[in-house]
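A look at the structure
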Amino acid sequence: MHFIDSTEVFVKSGDGGNGMVSFKTASNKPKLGADGGDGGPGGNVVFVGFGQLNTLSHVRYKHRFIAENGVRGGSNGKTGAHGADAEIVVPLGTEVYNAKTGEKICDILGDGERFVVAKGGQRGLGNLRFLSSTHQAPVEFTEGKPGVEIDLRLELKLLADVGLAGLPNAGKSTLLSVLSSAKPKIADYPFTTLVPNLGVVELRERGEFNLQSFVMADVPGLIEGASEGRGLGHSFLRHLERTKVIAYVIDALPIDGEKPEATLELLRRELENYDTKLSSRTAVVILNKIDIAMDEADQALIQSSKELIESAGYRVFLVSAMNREGLVDLKEQLFDLVQEEKKIWNEMMATKIPQHRGLLPAELAGIDFSGLKNFSESFKLPQIHAVQ
Ligand SMILES: Nc1nc2c(ncn2[C@@H]2O[C@H](COP(=O)(O)OP(=O)(O)OP(=O)(O)O)[C@@H](O)[C@H]2O)c(=O)[nH]1
Ligand SMILES: [Mg+2]
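Residues numbered from 1 in each chain as written. Chains lettered and ligands numbered in written order. Predicted model: local features only at pLDDT ≥ 70, side-chain atom pairs only at ≥ 80, totals over all residues. Heavy atoms only, no water.

Brief notes about the pattern of salt bridges
Two side chains of opposite charge can pair, provided their charged atoms sit close to one another. Note the following rule: Criterion for a salt bridge: a side-chain nitrogen of Lys or Arg within 4 Å of a carboxyl oxygen of Asp or Glu. Secondary structure is summarised from DSSP: a helix means a run of H or I of at least four residues, a strand means a run of E of at least two, and numbering begins at the N terminus for each. When a residue's accessible area, from a 1.4 Å probe over protein chains only, is under 20% of the maximum for its type it is buried; when over 50% it is exposed; and in between it is partly exposed.
For the coordinates displayed, the defined rule picks out 15 salt bridges. Here Glu272 and Arg268 are joined by a salt bridge, their closest N and O atoms 3.7 Å apart. With Glu272 and Arg268 both in helix α3 (residues 260-274), this residue pair falls four residues apart, about one helical turn. On the basis of relative accessibility, which here comes to 30%, the residue Glu272 falls in the partly exposed class. Put simply, Glu265, Arg268, Arg269 and Glu272 are held in one network by salt bridges that share partners.

Some words on unusual backbone geometry
If a residue is not glycine, its phi is most likely negative; likewise, a peptide bond is most likely trans. One non-glycine residue with positive phi stands out, namely His63, at about 80°. Relative to the helices and strands, His63 is located in the loop between α1 (57-62) and β5 (64-66).

Re the confidence of the model for the chain
Here is the rule we go by: As a per-residue measure, pLDDT reflects the predictor's confidence and takes values from 0 up to 100. Residue contacts are counted whenever heavy atoms from the two residues lie within 4.5 Å of one another.
Considering every residue of the chain, the mean pLDDT works out to 83; 83% of them sit at 70 or more. Per-element mean pLDDT across the chain ranges from 34 in helix α7 (residues 361-364) up to 98 in strand β16 (residues 315-318). Predicted confidence for residues 353-388 stays below pLDDT 50, and this span has 75 contacts to residues more than four positions away or in other chains.

Section: the pairing of β16
Condition: Here, a strand pair is defined by DSSP locating no fewer than two bridges between the strands. The handedness rule is simple: strands pointing away from the viewer, and a clockwise path from the first strand over the helix to the second, make the crossover right-handed.
As paired elements, strand β15 (residues 283-288) and β16 share four bridges and run parallel to each other. Bridging across to β16, Val285 finds its partner in Val316. Note on the crossover from β15 through helix α5 (residues 296-311) to β16: the handedness is right-handed.

Examining α3
Rules: How far a helix is expected to stretch is found by multiplying one less than its residue total by 1.5 Å.
Taking 1.5 Å per residue as the helical rise, α3 with its 15 residues ought to reach 21 Å, and the 21 Å between its terminal C-alpha atoms agrees with that figure. Among all positions in α3, only Pro260, Thr263, Leu264, Leu266, Leu267, Arg268, Glu270 and Leu271 are buried. Here the buried face of α3 lies against β11 (162-166), β14 (245-251), α4 (276-279), β15 and α5.

With respect to the site of ligand 1
To be explicit about the condition: For this description, a residue counts as near a given molecule or strand if any of its non-hydrogen atoms is within 4 Å of it. Under the rule applied, a polar contact is a pair of N or O atoms within 3.5 Å (in protein, one hydrogen donor and one hydrogen acceptor; residues adjacent in sequence only if both atoms are side-chain atoms). All accessible-area figures derive from a Shrake-Rupley calculation using a 1.4 Å probe, and residue coverage is judged against the displayed protein chains alone.
Taken together, 24 residues form the shell around ligand 1, and within it Lys172, Thr174, Phe191, Thr193 and Asp291 come nearest. In the model, an oxygen atom of ligand 1 is placed 2.9 Å from a nitrogen or oxygen of the Gly171 main chain. Within the side chain of Asp291, one N or O atom sits 2.7 Å away from a nitrogen atom of ligand 1. Across the complex, the protein chains shield 90% of the 650 Å² of accessible surface that ligand 1 would expose by itself. Among the elements that line the shell around ligand 1, the one with the most residues is helix α2 (residues 172-179), at three residues.

A look at the sheet that holds strand β12 (residues 197-202)
Here is the rule we go by: Helix axes use the C-alpha atoms of the stretch in contact, all axes being lines fitted to C-alpha atoms, and the angles between their N-to-C directions lie in the range 0 to 180 degrees.
The mixed open sheet is built from six strands, whose spatial order is β12-β13-β11-β14-β15-β16. The strands lining the two open edges of the sheet, one partner per strand, are β12 and β16. For this sheet, the mean angle separating the axes of adjacent strands, direction not counted, is 25°. The strands touched by α3 are β11, β14 and β15; relative to β14, the strand with the most contacts, the crossing angle is about 140°. Across the sheet, α5 lies against β15 and β16, angled at about 160° from β16, the strand it touches most.

Written out as structure tokens, the structure is:
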């Protein structure tokens, strides 16, 4: 399963500034000596990884990234200013290709990682550089080199941050549909979901850029014995392998006498049988369908399951996906958990990223996000197409 968000952009690095031809002057001596300075180098086009982003929509929206040209050299030996870089801020996991040749240029993996995709043109030299004892009044200079133009294709393979695991019919797809703009099939029979669905869950209420979001995957229902191939088997469990947080979705009230705590144990065992790493992943429990509770006895039953599961060390959320109850708290806490897990992941990645690229989190603070800010007002969800 690959869920791909992709877009094309045009980039151009800045031209180098020309060297200056200039002479010191005095009123009676027009050419005292060469003093033309060098031009400034053109700005680079730089990709910057930013862990808070999950889509390429803002890049699609802007579409052309052009760095500034270097400034021409001045008189008095003054060097022209550097052209400013153009920065393309992208989510982690973005792959960058040359759109014409298909050649892969880089992938951006680290938070704050910077990769120069088009280097600015070299500076031109001023006539001061050509001054020598035998060549007192040089008129030579060089032009700045032009910048580079490239059409790039960006691809983001969306990885789920949160994976929903639960029995068939627990309401996983319903949850995904109310938390994101994904439209998975929902029905009151088991095994409605046959392939995993992904959705981007946005926290509109939070953050300056309104861009805080995470990716959630709804996977097909699990049953006892799934890890040995029963039901739909376990092939789709591999989609949970790279999620940062697993959210067990369980009916809040017992079904056929099976209490939520027993269901949780069943699900946990299935994940463990598939891969012990999965069952030890950070996990929370979502007790869904609380709207079904008819009376105080039902409420008490839910409460006691919640406490039991909490005492086993899980964070528990009481929600009704259908009535959209308890969802704000759920998505905010999931977001925070994902951030914590990403931080740990990024620290691990920092040691793995090739040195020449460098990780410069300090520079991240200096990034100009004004483009993103404007864009966030018209934030559109990515077109996500599933490629089987
Ligand atoms: N009463 C109530 N019903 C719900 C709630 N959430 C989901 N349902 C219903 O439960 C049934 C199953 O929902 P799905 O979202 O398809 O469940 P699923 O976990 O994705 O099921 P599979 O894809 O088969 O694994 C549907 O009839 C939903 O309308 C809820 O909060 N309350
Ligand atoms: Mg489903």
